[in-house]
Amino acid sequence: MEIKNIVITKNLTALTAHAYYQLETSVSNGILNRISANVLTSGSVEGQEEYLGNISYENHNLSCSFLSVENVSAYLKDFEGFMAEIDKEQEQEKTSE
């Protein structure tokens with residue numbers, strides 16, 4: 001049997017000063033293909049979810065959709081931080097193999 005493709009999907013959550021995030025990452029053959037983040041109010045940690053929008057990175061394309069334009073730059077800044085952290089984690093996993 002020959003393995004053609006290995007896809008690893010991770011579900012993560014993060015809380016910042018700006019929002020609560022539900023993230024999903026997808027790595028195919030060691031290459032990060034997709035990060036999707038649902039952006040919710042900080043109160044969502046306690047189960048009082050209020051959806052604010054979504055940010056997605058897929059195959060070198062970044063897109064977002066929000067219910068309002070307020071504080072969008074803060075959410076994008078958080079997302080950039082998540083991307084950097086995930087990239088760093090990917091590099092560590094590659095060197096440990």
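Per chain, residues are indexed from 1 in the order of the written sequence. Owing to the predicted nature of the model, reporting of local features is limited to residues with pLDDT of at least 70; listing and counting of side-chain atom pairs is limited to 80 or more, with chain, interface and lining totals taken over all residues. Processing note: side-chain calculations cover all non-hydrogen atoms of the structure and skip hydrogens and water entirely.

Q: Describe in detail the overall build of the chain, supporting the description with residues and values.
A: A tally of regular secondary structure across the chain gives one helix and five strands. Helix and strand assignments follow DSSP, with helices taken as H or I runs no shorter than four residues and strands as E runs no shorter than two, numbered in order from the N terminus. Starting at the N terminus, the α and β elements of the chain follow one another as β-β-β-β-β-α. For the chain, the C-alpha atoms occupy an extent of roughly 50 × 25 × 25 Å along the three principal directions. Counting only carbon and sulfur atoms, one obtains 49% of the accessible surface of the chain, whose full area is about 6600 Å². One finds the centroid of the 6 positive side-chain charges in the chain at a distance of 9 Å from the centroid of its 15 negative side-chain charges. Computed by Shrake-Rupley with a 1.4 Å probe, the accessible areas treat only the displayed protein chains as cover when residues are assessed. We count Lys and Arg on the positive side and Asp and Glu on the negative side, and we leave His and both chain ends out. To locate a charge, take NZ of a lysine, CZ of an arginine, CG of an aspartate or CD of a glutamate.

Q: Can you explain empty space enclosed by the protein? Please cite residues and give values.
A: Cavity and pocket criteria rest on a 1 Å grid covering protein atoms alone: a 1.4 Å probe that fits but cannot get out defines a cavity, protein on both sides within 12 Å along at least 5 of 7 lines defines an open pocket, and an atom within 4 Å of a point defines a lining residue. Grid points are joined across faces, edges and corners, and a volume is the space filled by probe spheres set on the points. Per the stated rule, a full pass over the model turns up one cavity of 30 Å³ or more. Reported here for the largest cavity is a volume of approximately 60 Å³. Taken together, Lys-10, Leu-12, Thr-25, Val-27, Ile-86, Glu-89 and Gln-90 make up the lining of the largest cavity. Only β1 (7–15), β2 (20–28) and α1 (72–96) provide two or more residues apiece to the lining of the largest cavity. The greatest single-element share of the lining of the largest cavity, amounting to three residues, is contributed by α1. Split into classes, the residues belonging to the lining of the largest cavity amount to three nonpolar, two polar and two charged. Nonpolar residues are Ala, Val, Leu, Ile, Met, Phe, Trp, Tyr, Cys and Pro. Charged residues are Asp, Glu, Lys and Arg, and all others, Gly as well, are polar.

Q: Summarise the nonpolar core; cite the residues concerned and give the values.
A: Within this scheme, the nonpolar core is defined by two criteria: the residues are buried Ala, Val, Leu, Ile, Met, Phe, Trp, Tyr or Cys, and they are joined through side-chain atoms within 4.5 Å. Accessibility here uses a 1.4 Å probe with only protein chains present; expressed as a share of the type maximum, an area under 20% marks a residue as buried, one over 50% as exposed, and anything in between as partly exposed. Of all hydrophobic cores here, the largest spans 19 residues; its most connected members are Tyr-21, Leu-23, Ile-35, Val-39, Tyr-75 and Phe-79. Sorting the residues of this core by element identifies β2, β3 (31–40), β4 (51–58) and α1 as the ones contributing at least two each. In this structure, Ile-35 is in contact with Leu-23, Glu-24, Thr-25, Ile-55, Ser-56, Tyr-57, Phe-79, Met-83 and Ile-86, ignoring residues within four places of it in sequence. Whether two residues are in contact is decided by their heavy atoms, any of which lying within 4.5 Å being enough.

Q: So what's going on with the pattern of salt bridges? Residues and values would help.
A: By definition, a salt bridge exists where a carboxyl oxygen of Asp or Glu is found within 4 Å of a side-chain nitrogen of Lys or Arg. Applying the stated criterion across every chain yields a total of three salt bridges. The residue Lys-4 makes a salt bridge to Glu-2 at a minimum N-O spacing of 3.7 Å. When the shortest N-O distance is used, the salt bridge between Lys-10 and Glu-89 registers 3.0 Å. Of the two residues, Lys-10 sits in strand β1 while Glu-89 sits in helix α1, which places them 79 residues apart along the sequence.

Q: Lay out the sheet that holds β4 with the relevant residues and their values.
A: With respect to topology, five strands assemble into an open sheet ordered β1-β2-β3-β4-β5, the strand pairing being antiparallel. Strands with a single pairing partner mark the edges of an open sheet, and in this sheet they are β1 and β5 (61–66). Across this sheet, the average inter-strand angle for adjacent strands is 10°, counted without regard to direction. The criterion for strand pairing is that DSSP finds at least two bridges linking the strands in question. Direction of pairing for β2 relative to β3: antiparallel, over a ladder of nine bridges. To obtain each axis, a line is fitted to C-alpha atoms, and for helices this fit is confined to the stretch in contact; angles are then taken between N-to-C directions over 0 to 180 degrees.

Just distances and angles here, no functional claims.
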